[in-house]
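These are the residues of each chain, in order.
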Amino acid sequence: MKLLSTGNPKVLKGMEYGFNTYILHLAPADLSGREVCPKRTIGCSAACLNLAGRGGMFKRGESTNAIQQARIRKTKLFFDNRNEFMRLLVADITLAIKQSKRLGLTPVFRLNGTSDLSFEKYQVTIGNVTYSNIFSAFGFVQFYDYTKVLGRKVSHIPNYHLTFSAADGNDNDVREAIKQGYNIATVFGIKKTVAMPAEYMGLPVFNGDESDLRFLDPKGVVVGLYAKGKAKKDTTGFVKYPVMMLQAA
Ligand code: SF4
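Residues numbered from 1 in each chain as written. Predicted model: local features only at pLDDT ≥ 70, side-chain atom pairs only at ≥ 80, totals over all residues. Heavy atoms only, no water.

**Some points on the overall build of the chain**
Note the following rule: The way it works is that DSSP assigns letters per residue, a run of H or I at least four long becomes a helix, a run of E at least two long becomes a strand, and they are numbered from the N terminus. Both definitions apply: the radius of gyration is a C-alpha atom measure, and the globule rule equals 2.2 Å times residues to the power 0.38. Contacts: residue pairs with any heavy atoms within 4.5 Å of one another. Accessible surface is estimated by sampling points in the Shrake-Rupley manner with a 1.4 Å probe; for residues, cover comes only from the protein chains shown.
Of the regular secondary structure elements, the chain holds seven helices and eleven strands. Radius of gyration (C-alpha) of the chain: 18 Å, near the 18 Å computed for a compact globule of 249 residues. Residue pairs in contact within the chain that sit at least 24 positions apart in sequence constitute 59% of those at least 6 positions apart. Only carbon and sulfur atoms are counted for the fraction: they give 55% of the accessible area of the chain, which is about 13,000 Å².

**Re helix H3 (residues 66-80)**
Spelled out, the test is: Helix span, as expected, comes to 1.5 Å for every residue beyond the first. Burial classes follow relative accessibility: with a 1.4 Å probe on protein chains only, a residue under 20% of its type's maximum area counts as buried, one over 50% as exposed, and anything between as partly exposed. Any pair of N or O atoms that falls within 3.5 Å is considered a polar contact. Within protein, one atom must be able to donate a hydrogen and the other to accept it, and sequence-neighbouring residues count only if both atoms are side-chain atoms.
The first and last C-alpha atoms of H3 sit 21 Å apart over 15 residues, in line with the 21 Å expected at 1.5 Å per residue. What H3 keeps buried is the set Gln68, Arg71, Lys74, Thr75, Leu77 and Phe78. Residues of H3 that are buried sit in contact with strand E2 (19-24) and helix H4 (82-103). With a side-chain oxygen lying 3.1 Å from the backbone nitrogen of isoleucine 67, the N-terminal cap of H3 falls on asparagine 65.

**Comments concerning the pairing of strand E11 (residues 222-226)**
Worth spelling out the cut-off: Two strands are counted as paired when DSSP detects at least two bridges linking them.
Across the five residues that make up E11, a large majority, five, are buried. Alternating residues of E11 divide into Val222, Gly224 and Tyr226 and Val223 and Leu225, and every residue in both groups is buried. Two elements, strand E8 (residues 184-188) and E11, share five bridges in a ladder whose sense is parallel. Directly across from alanine 185, in E11, lies its bridge partner valine 223. By the bridge criterion, three bridges tie strand E10 (residues 203-207) to E11 in an arrangement that is parallel. Its bridge partner lying in E11, phenylalanine 206 is registered against valine 223.

**Here's the deal with the layout of surface pockets**
As a reminder of what qualifies: With a 1 Å grid laid over protein atoms only, a set of points is called a cavity when a 1.4 Å probe fits there but cannot get out and a pocket when it is open yet has protein on both sides within 12 Å along at least five of seven lines; lining residues have an atom within 4 Å of a point. Grid points are joined across faces, edges and corners, and a volume is the space filled by probe spheres set on the points. Note on residue classes: Ala, Val, Leu, Ile, Met, Phe, Trp, Tyr, Cys and Pro are nonpolar, Asp, Glu, Lys and Arg are charged, and everything else, Gly too, is polar.
Taken as a whole, the second largest pocket holds about 440 Å³ of empty space. Lining the second largest pocket are 17 residues, with His161, Leu162, Gln180, Gly181 and Tyr182 positioned closest to its centre. Residue contributions to the lining of the second largest pocket peak at three residues, all from strand E7 (residues 160-165). Classifying every residue of the lining of the second largest pocket by side-chain character gives seven nonpolar, seven polar and three charged.

**Remarks on the site of the ligand**
We apply this condition: Residues are classed as near a molecule or strand on a simple rule: at least one heavy atom within 4 Å of it.
With respect to spatial proximity, the complete set of residues near the ligand consists of Cys37, Cys44, Ser45, Cys48, Thr114, Ser115 and Lys148. Looking at the shell around the ligand, its residues break down into three nonpolar, three polar and one charged.

**Structural notes on the nonpolar core**
Formally: For the purposes of this section, nonpolar cores are sets of buried Ala, Val, Leu, Ile, Met, Phe, Trp, Tyr and Cys residues that join through side-chain atoms within 4.5 Å.
Counting residues in each nonpolar core, the largest one holds 46 residues, and the members touching the most others are Phe85, Leu89, Leu111, Phe119, Ile134 and Phe143. Among the elements that line this core, the one with the most residues is H4, at seven residues. With near-sequence residues (within four places) excluded, phenylalanine 119 lies in contact with Leu24, Phe78, Phe85, Met86, Leu111, Asn112, Asn133, Phe135 and Arg152.

**Quick notes on the packing of aromatic side chains**
Inclusion rule: Classification of ring pairs rests on two measures: the distance between centres of Phe, Tyr or Trp rings, Trp counted by its six-membered ring, which must be within 6.5 Å, and the angle between planes, read as stacked under 30 degrees, edge-to-face over 60 and tilted in between. In this scheme, Lys NZ or Arg CZ marks a charge over a ring once it lies within 6 Å of the ring centre and within 35 degrees of the ring normal.
What the rule picks out here adds up to 14 aromatic pairs. Ring geometry for phenylalanine 164 and tyrosine 182: centres 6.0 Å apart, planes at 55 degrees, overall tilted. With phenylalanine 164 in strand E7 and tyrosine 182 in the loop between helix H6 (171-179) and E8, this residue pair connects regions lying 18 residues apart in the sequence. As far as the burial class goes, phenylalanine 164 and tyrosine 182 line up, both buried. An aromatic cluster is built from Tyr22, Phe109, Phe135, Phe143 and Tyr160, whose rings are joined through pairwise contacts. Looking at arginine 82, its charged tip hangs above the ring of phenylalanine 78, at a distance of 4.0 Å from the centre. Its end group placed over the ring of tyrosine 122, arginine 82 keeps NZ or CZ at 4.6 Å from the ring centre.

**Some details on the side chain of glutamate 120**
Examined against the element boundaries, glutamate 120 turns out to sit in the loop between strand E3 (106-110) and strand E4 (124-126). Contact partners of glutamate 120, with chain neighbours within four places excluded, come to Ser132, Asn133, Phe135, Arg152, Lys153, Val154, Ile157 and Tyr160.

**Overview of the environment of asparagine 170**
As for its placement among the helices and strands, asparagine 170 is situated in the loop between E7 and H6. Sequence spacing of asparagine 170 and lysine 39 is 131 residues, and the spatial spacing of their C-alpha atoms is 8.9 Å. The residues contacting asparagine 170, other than those within four sequence positions of it, are Lys148, Phe164 and Ser165.

In structure tokens, the structure reads:
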């Protein structure tokens, strides 16, 4: 079973900057029967990118497809046979590093493509050596993720970058995350033809749709994302409408 994939259109933009992002897509929320998004909200669950692209294409009369089934299989493996899951992850990362070298690209890894697991907590054994997590096992490559979980113990992990995600009903966590120095990913309900607001919540807004390479973002910004897919119809507060946009509407 392969765990990592490439080819998501936004991730492909990273190639223009010399990076090759490999993403792990698990079955989000509790779709596999096991919860992988401990801080998910009604709005983000409804707008989740799990159903973006080919992941959301179903044959007539069917409610699942090969991509969704693979994500469920991977998630079950993570919970039911952690050692085997980690063995496969190590093999995939090792292969990705070789592939990227051949392509002249720098491999980077996003393990929570459609989940929000604290991967810093899970040990990995390679040969006779046990590492405290996958990040220390591959200390020479960059990992990054978005998270809604405050208080993750990652500040001592130099090769793991986290961006905090704003959603419906997590304003207090967002304020705390700003105090802790996180950038804040925020989905704005504007068309792609409209420029991002200059600032939001007192912070400058950086266009996060130019690439997915969050570890290159300046510090102290809101990472603005255009609403896509089901998020365009969000009414929960997951998608934000800054005051200046409402005035202009
Ligand atoms: S936390 Fe992220 S992956 Fe999980 S349901 Fe919400 S948007 Fe999807």
